Amino acid sequence: MSVVPEQSESVALRFPTSFVWGAATASFQVEGAISADGRVDSIWDEFCRRPGAVHNGDTGEPAADHYRRYVDDVAMMKSLGLGAYRFSVAWPRLADLGFYDRLVDELLENGISPWATLYHWDLPQSLEEKGGWTNRDTAYRFADYASAVVGRLGDRVTGWLTLNEPWCSAFAGYASGRHAPGVTSGSAAIAAVHHLLLGHGLAMQEITAQAPNTPAGITLNLFPVHPASDSPADLDAARRIDGLQNRIFTAPVLRGEYPDDLLTDLAPYGLPDLIQDGDLATISAPIDMLGVNYYRAYLVEAGGEPDGPSEWVGAEDVRFLTSGHPRTEMDWEVQPEGLTELLVSLNEQSPGLPMYITENGAAYPDTLTDGVVRDTDRITFLDGHLRASHAAIEQGVDLRGYFCWSLMDNLEWAAGYAKRFGLVHVDFETQKRTLKDSARWYAGVIGRNGLLADG
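How each quantity is defined
- Residues numbered from 1 in each chain as written.
- Predicted model: local features only at pLDDT ≥ 70, side-chain atom pairs only at ≥ 80, totals over all residues.
- Heavy atoms only, no water.
- Core = buried A, V, L, I, M, F, W, Y, C linked by side-chain atoms within 4.5 Å.
- Buried < 20%, exposed > 50% of the residue type's maximum accessible area, 1.4 Å probe, protein only.
- Helix = DSSP H or I, 4+ residues; strand = E, 2+ residues; numbered from the N terminus.
- Contact = heavy atoms within 4.5 Å.
- Phe/Tyr/Trp six-rings, centres within 6.5 Å; stacked < 30°, edge-to-face > 60°.
- Axes fitted to C-alpha atoms, helices over the stretch in contact; angles between N-to-C directions.
- Left-handed = near helix turned anticlockwise from the far one by under 90°.
- Nonpolar A, V, L, I, M, F, W, Y, C, P; charged D, E, K, R; others polar.
- Expected span 1.5 Å × (residues − 1).
- Salt bridge = Lys/Arg side-chain N within 4 Å of Asp/Glu carboxyl O.

Trainee: What should I look at first to understand the nonpolar core in this one?
Mentor: When a protein is soluble and globular, its nonpolar side chains tend to lie buried together. Within the largest apolar cluster, 153 residues are counted, with the highest numbers of intra-cluster contacts made by W160 and F171. For this core, the element with the most residues is helix α8 (residues 186-210), which contributes 11 residues. Among residues more than four places away in sequence, those in contact with F171 are S176, A189, I190, V193, L244, I248, F249, E311 and V313.

Trainee: Looking at this structure, how should I read the packing of aromatic side chains?
Mentor: Each aromatic ring pair is described using two quantities: the centre-to-centre distance and the angle formed by the ring planes. Tallied over the full model, the rule gives 37 aromatic pairs. With a centroid separation of 6.2 Å and an interplanar angle of 10°, the aromatic rings of F87 and Y100 are classed as stacked. You can see F87 sitting in strand β3 (residues 84-88) and its partner Y100 sitting in helix α4 (residues 98-109), a full 13 residues away along the chain. Each member of the pair, F87 together with Y100, is buried. Arranged with centres 6.2 Å apart and planes meeting at 75°, the rings of F223 and Y294 form a pair that is edge-to-face. Separated by 71 residues along the polypeptide, F223 in the loop between β6 (216-221) and β7 (225-227) and Y294 in the loop between β8 (289-293) and β9 (298-301) bring together distant segments of the chain.

Trainee: Quick question: what am I supposed to make of the environment of D265 here?
Mentor: On the secondary structure map, D265 appears in helix α10 (residues 260-265). By relative accessible area, which is 26% here, D265 ends up partly exposed. For the pair D265 and R240, spaced 25 residues apart in sequence, the C-alpha separation works out to 8.2 Å. When near neighbours in sequence (up to four residues on either side) are disregarded, D265 contacts R239 and R240.

Trainee: Explain the packing of α8 against helix α9 (residues 232-255) here, please?
Mentor: For any two helices packed against each other, the geometry comes down to the angle between their axes and how far apart the axes lie. Where α8 contacts α9, the two axes come as close as 11 Å, and the packing angle between them is 35°. Read as a crossing pair, α8 and α9 show a hand that is right-handed. Packed against α8, whose contacting residues are V193, L197 and H200, the element α9 presents I248, F249, P252 and V253 at the interface. Residue classes in the contact of α8 with α9 are distributed as 6 nonpolar, 1 polar and no charged.

Trainee: Mind showing me how you'd approach α4 here?
Mentor: In an α-helix, one full turn covers 3.6 residues, which means residues spaced three or four apart are oriented alike. With 12 residues, α4 extends 17 Å from end C-alpha to end C-alpha; this agrees with the ideal 16 Å at 1.5 Å per step. All of the buried residues along α4 are G98, F99, Y100, D101, L103, V104, E106 and L107. Packed against the buried residues of α4 are α1 (27-30), α3 (66-80), β3, β4 (113-119) and α6 (137-153). Residue G111 follows α4 closely and has a positive phi angle near 75°.

Trainee: What's the story with the pattern of salt bridges in this structure? I'm lost.
Mentor: Side chains that differ in sign of charge can pair as their charged atoms come close. Under the defined criterion, the tally for this structure stands at 34 salt bridges. The residue R68 makes a salt bridge to D65 at a minimum N-O spacing of 2.9 Å. For R68, a relative accessible area of 52% gives the class exposed. The residue R86 makes a salt bridge to E359 at a minimum N-O spacing of 3.5 Å. Highlighted residues: R86 in strand β3 and E359 in strand β11 (residues 355-359), separated in sequence by 273 residues. Classification of R86 by relative accessible area gives buried; the value is 0%.

This is how it looks when you write it as structure tokens:
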């Protein structure tokens, strides 16, 4: 039964008729069943075994048990009126992709478009033992994997995304070590950046060859960066952080080049030496869409002191400041206006490029009381960011869809099960699902294809 309420109110902000309303998850965060049907270890399985690496020693078992409960989960998606579901395929399940066959078919039978991400951070541990993303060969192994997955699912998937947030894979995984595989090396992180992007380009070739009529692209986590003042030092701090967070990915993908300032900044870490003939042409092969993950903006100043391994390779001296906005439980400031700024800026860089918000959401300390989760903070967060999305559309951005992060509570990587992003509450002991107030609110937005004047 649908939970979409009857809507008689006047819609203040209506989205385009074809706008895609969806929700997203990632394989390791929701599937569980980490030993089922030939699945092999990923870098996150190994990382979870490392004492102190993941909060409370949490692991990918059982997660949200989506592998076994997907039929009920799809029915829940249908009840919310979701038009699309963005999931990721687990590379460690390559020996048996049957789960994804079943999931895609179930989605289609329920009128929900399947959107598949090929890589959401779960590299097979066997490849990490050969250097992982620091090894150029991993990009070619990723292309082989992409070919197998597209060959299996390409006749039914609605949209393909090659990588999810290569910034996290490279910098959180290989520079600060706070994510799997837990390496702390600036040079390793920069090698990972280039090889991830090369893998993206090679995977795009496979998608284009096997599913030429299906839109495909990449998902990047992109955040506006502002200097604390107009001083040369602060302006340079913002330039460097913008380079590492945004331009190191957007420039190669959209323009086939690394910015000159980044080549200079990162020369001590080997970036120029990684680039071989033809690499940038491969990386910049045309994409049909850009997936944008947005959570916050940055305010930075010069003059900080390095404090242990850092994600900000070559910019360890930059200090991140607070802007005084409310914060989520992840301690991220809530800045919906930054989303409008980001989308408009991307459109100026690549006019007319179709974009989708492939992740946007917030963690809050949700409490299940008498079968209800009153997550008003999340509703306020989502409402603000959807209004920011609509503002970007009004300014000419070709924004075609929005995928809320996340469909349901899950394993929030190194934060374990302690941080809840879901529209749906999951009791990780019983696996009972409970719609939060935000899920019902989102269903209303979907049902009316727009926002009310008062939210």
